Amino acid sequence: MQQPQSQPTRTRAVLVGITALALSATMAACSSGSRPAADPKVGDNTAAGTPSTPSAAASSAPTKDSKVVMPTGPTTDLKKSRDTKAGPIMMTTLAGKKSGVSAQVWVWLPPQYSDPKYAKFGFPVLTLYAGGQSNGYNTWTDNQLPIQEIDTQLVQEQKAHPFIMIMPVQNLTADEHRSLDCSDIPGQPRMGTWLSQDIPDFVRANFRTLKGPDSWGLMGASSGADCSAKLAMQHPDIYKAAVPIDGDFKADSLLWKGHEAEQAANGSDKLIATSKADVKMLATAAGGVSYEVNVVKGWVAKAVPPTTVEYYEQPGGRHKTVDFEKLIPMALEWLTKNLTGPQSDS
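Along each chain, numbering runs from 1 in the same order as the chain's sequence is written. Predicted model: local features are reported for residues with pLDDT of at least 70 only, side-chain atom pairs are reported and counted for 80 or more only, and whole-chain, interface and lining totals are derived from all residues. As a rule here, side-chain values cover all heavy atoms of the structure and leave hydrogens and water aside.

Engineer: Explanation requested: the sheet that holds strand β7 (residues 164-168) in the structure shown.
Structural biologist: Spatially, nine strands are ordered β2-β3-β4-β7-β6-β9-β10-β11-β12 in an open sheet, and the strand pairing comes out mixed. The open sheet terminates on both sides in strands that have one partner only, identified here as β2 (79-82) and β12 (308-314). Between one strand and the next, the sheet's axes are offset by a mean angle of 25°, whatever the strand orientation. Only strands that DSSP links by at least two bridges are regarded as paired with each other. The secondary structure listing takes helices from DSSP runs of H or I that are at least 4 residues long and strands from runs of E that are at least 2 residues long, numbered from the N terminus. Pairing analysis gives three bridges linking β2 to strand β3 (residues 89-95), with the strands arranged antiparallel. If you follow Lys 79 over to β3, its bridge partner there is Met 91. Whether two residues are in contact is decided by their heavy atoms: any pair within 4.5 Å suffices. Axis definition: a line fitted to C-alpha atoms, limited for helices to the stretch in contact. Angles are taken between N-to-C directions and run from 0 to 180 degrees. Sheet strands in contact with helix α2 (residues 147-156) are β3, β4 (102-108), β6 (125-129), β7 and β9 (216-221), and its direction is about 165° off that of β7.

Engineer: What's the story with the layout of surface pockets in this structure? I'm lost.
Structural biologist: By rolling a water-sized probe across the atoms, one finds the places where empty space is left. Here the largest pocket defines a volume of roughly 510 Å³. Every element with two or more residues in the lining of the largest pocket is listed here: α4 (223-234) and α7 (290-300). A per-element tally of the lining of the largest pocket places α4 first, with four residues. A class-by-class count of the residues in the lining of the largest pocket yields seven nonpolar, twelve polar and nine charged. Only protein atoms enter the 1 Å grid used here, on which a cavity is any set of points holding a 1.4 Å probe that cannot leave and a pocket is any open set flanked by protein within 12 Å on both sides along at least five of seven lines; residues with an atom within 4 Å of a point are listed as lining. Grid points are joined across faces, edges and corners, and a volume is the space filled by probe spheres set on the points. As a volume, the second largest pocket reaches approximately 240 Å³. Taken together, 13 residues line the second largest pocket, and the ones lying closest to its centre are Leu 94, Ala 95, Lys 97, Asp 201 and Phe 202. Ten residue types, Ala, Val, Leu, Ile, Met, Phe, Trp, Tyr, Cys and Pro, are classed as nonpolar, four, Asp, Glu, Lys and Arg, as charged, and the remainder, Gly among them, as polar.

Engineer: Looking at this model, I keep getting lost on the pattern of salt bridges. Mind explaining?
Structural biologist: Two side chains of opposite charge can pair, provided their charged atoms sit close to one another. Take a side-chain nitrogen of Lys or Arg and a carboxyl oxygen of Asp or Glu: if they are within 4 Å of each other, that pair is a salt bridge. In the structure shown here, the tally under the stated rule is nine salt bridges. Across the salt bridge formed by Lys 80 and Asp 83, the nearest N and O atoms sit 3.1 Å from each other. Only protein chains enter the area calculation, which uses a 1.4 Å probe; residues under 20% of their type maximum are buried, those over 50% are exposed, and those in between are partly exposed. The class of Lys 80 is partly exposed, set by a relative accessible area of 48%. With relative accessibility at 48%, the residue Asp 83 sits in the partly exposed group. Through salt bridges with shared partners, one network takes in Lys 98, Asp 201 and Arg 204.

Structure (structure tokens):
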């Protein structure tokens, strides 16, 4: 697979070509002082079981020098959505306290999370956004994009971190003209707050994570790409890295009518040129679609430091789920290079 290339014509963006992620370079770049992704024994799928969340009584706030953030509670009742070869995917309807939005969110815990060897480890978090309306469904959970199995295999090969994967819906209706654009559109459900505040709060309440944004990443395909790029730039206090796959980088819902200023403030096409967020992104384009290549290249070229964007053009790629799947290994390796892996305080 061709690796991401720098663009010679850009004037202000910081583009860095992706090198092959050999194990030693990857682990050294990812997580100084952290445990490597996992050895094959620890990565065995039989350790996964059914995820459970620790009680709030067992949780504790991190000390000043601690890396691990133990679950704060209250715990959420998670129901199994389906089984995968990499362990179960769980689901709940999350009633957001800050947004007032109630919507579905799916969770996958890597096998290492339930392994006694990792009982005192905090884990990196990867939030995934689906394409389309993602209303009541998610392509990251229904085996169209089998990222859980791919991550498990890469962990065994010590090429990727075992990520906690969080997969929320992005819309409350299937009407594409009434998309919420992962934003707080005036007069509409506050989906931006639900995604950027309630979802991280839910993760911290239920799972062992790590302090600071260096272990929190985002990835999305198509319309989900726009969400990942936008939220990374708007919330660098939470997220450090994002992989927008084949995005058009527009906030174009008809619900923005009459709210043009807010629309501009939430469009990743505008944000990229003014972002002061210290975040890293890898933007991909389907090489077989010239329009998309031009859109993504043009977007990448607007980036200004400290926001950095790398570009990858998938040879012959189309804007299809089958091609998104082919990008998963590279994306997980890139995220592993740019995010902190599992760590403990001992």
